[in-house]
Amino acid sequence: QVQLVESGGGLVQPGGSLRLSCAASGSIFGIGTMGWYRQAPGKQRELVATVTSSSITGYADSVKGRFTISRDNAKNTVHLQMNSLKPEDTAVYYCNAELQESSRKQPYRQYWGQGTQVTVSS
C-alpha cells in the first residue's frame, strides 16, 4: 500500500535550522507535484511549498527566502530545508504528493503523510 512518511521534525531555537524529509513507499510508478503543508494549533492547514515533477518550486510568502523545497526522484523523496526559523513556524508539517500507483495506466491520486511536529522555541 502506498504511504508517505515524514521525518526530521523536532525542537529548535529561533534562528536555527531543520531539514524535513518525506519518503513515498509502495508500488509507485510515477510522482507528480509534491508539497509541504503545515497546521498550527487552532488554525487551518496552509500551503508552505510545492515542487513539480520538473522541479519548479513555489513558496508561501511567509517562508520565501528562508525555506527551500527539493525532490530526489530516484529515492521518491521530497525535502524541506528550513533556515532562520521563527516561533511562528511552529506547527505540524504534512507531506503531500500526487502518486500514480502500479503502472502508467493508473490515475494520479493525492496522498498525505501523518505529519511531523516542528517546534521553534528558546
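Residues numbered from 1 in each chain as written. Predicted model: local features only at pLDDT ≥ 70, side-chain atom pairs only at ≥ 80, totals over all residues. Heavy atoms only, no water.

A. Main features of the pairing of strand β9 (residues 91–101). Here β9 lies mainly inside the structure; 9 of its 11 residues are buried. Pairing of strand β4 (residues 28–39) with β9 involves 9 bridges; the strand directions are antiparallel. From the neighbouring strand, Gly35 faces β9, where its bridge partner is Asn96. With 3 bridges connecting them, β9 and strand β11 (residues 116–120) associate as antiparallel partners. Bridged to Tyr93 within β11 is Thr116. Note that β9 and strand β10 (residues 108–112) share 5 bridges and pair antiparallel. Bridging across to β10, Ala97 finds its partner in Tyr111. A loop of 6 residues connects β9 with β10, the two strands running antiparallel in sequence, and Ser102 in this loop sits at a positive phi of about 70 degrees. (Buried < 20%, exposed > 50% of the residue type's maximum accessible area, 1.4 Å probe, protein only. Helix = DSSP H or I, 4+ residues; strand = E, 2+ residues; numbered from the N terminus. Pairing = 2+ DSSP bridges.)

B. Local environment of the packing of aromatic side chains. Here the structure, examined in full by the defined rule, presents 1 aromatic pair. Positioned above the aromatic ring of Tyr94 is the side chain of Arg45, whose terminal nitrogen or guanidinium carbon lies 3.7 Å from the ring centre. Directly above the aromatic system of Trp112 lies the positively charged group of Arg45, at a separation of 4.8 Å from the ring centroid. (Phe/Tyr/Trp six-rings, centres within 6.5 Å; stacked < 30°, edge-to-face > 60°. Lys NZ or Arg CZ within 6 Å of the ring centre and 35° of its normal.)

C. Just the pairing of strand β7 (residues 67–72), in detail. Only one face of β7 is covered, namely the one carrying Phe67, Ile69 and Arg71; the face carrying Thr68, Ser70 and Asp72 has none of its residues buried. Note that β7 and strand β8 (residues 77–82) share 6 bridges and pair antiparallel. When the bridges of β8 are listed, Asp72 appears paired with Thr77.

D. Broad picture of the side chain of Asp89. Tracing the backbone shows Asp89 in the loop between β8 and β9. With relative accessibility at 1%, the residue Asp89 sits in the buried group. With residues near it in sequence (within four places) discarded, Asp89 still touches Arg38, Arg66, Phe67, Ser84, Val118 and Val120. (Contact = heavy atoms within 4.5 Å.)

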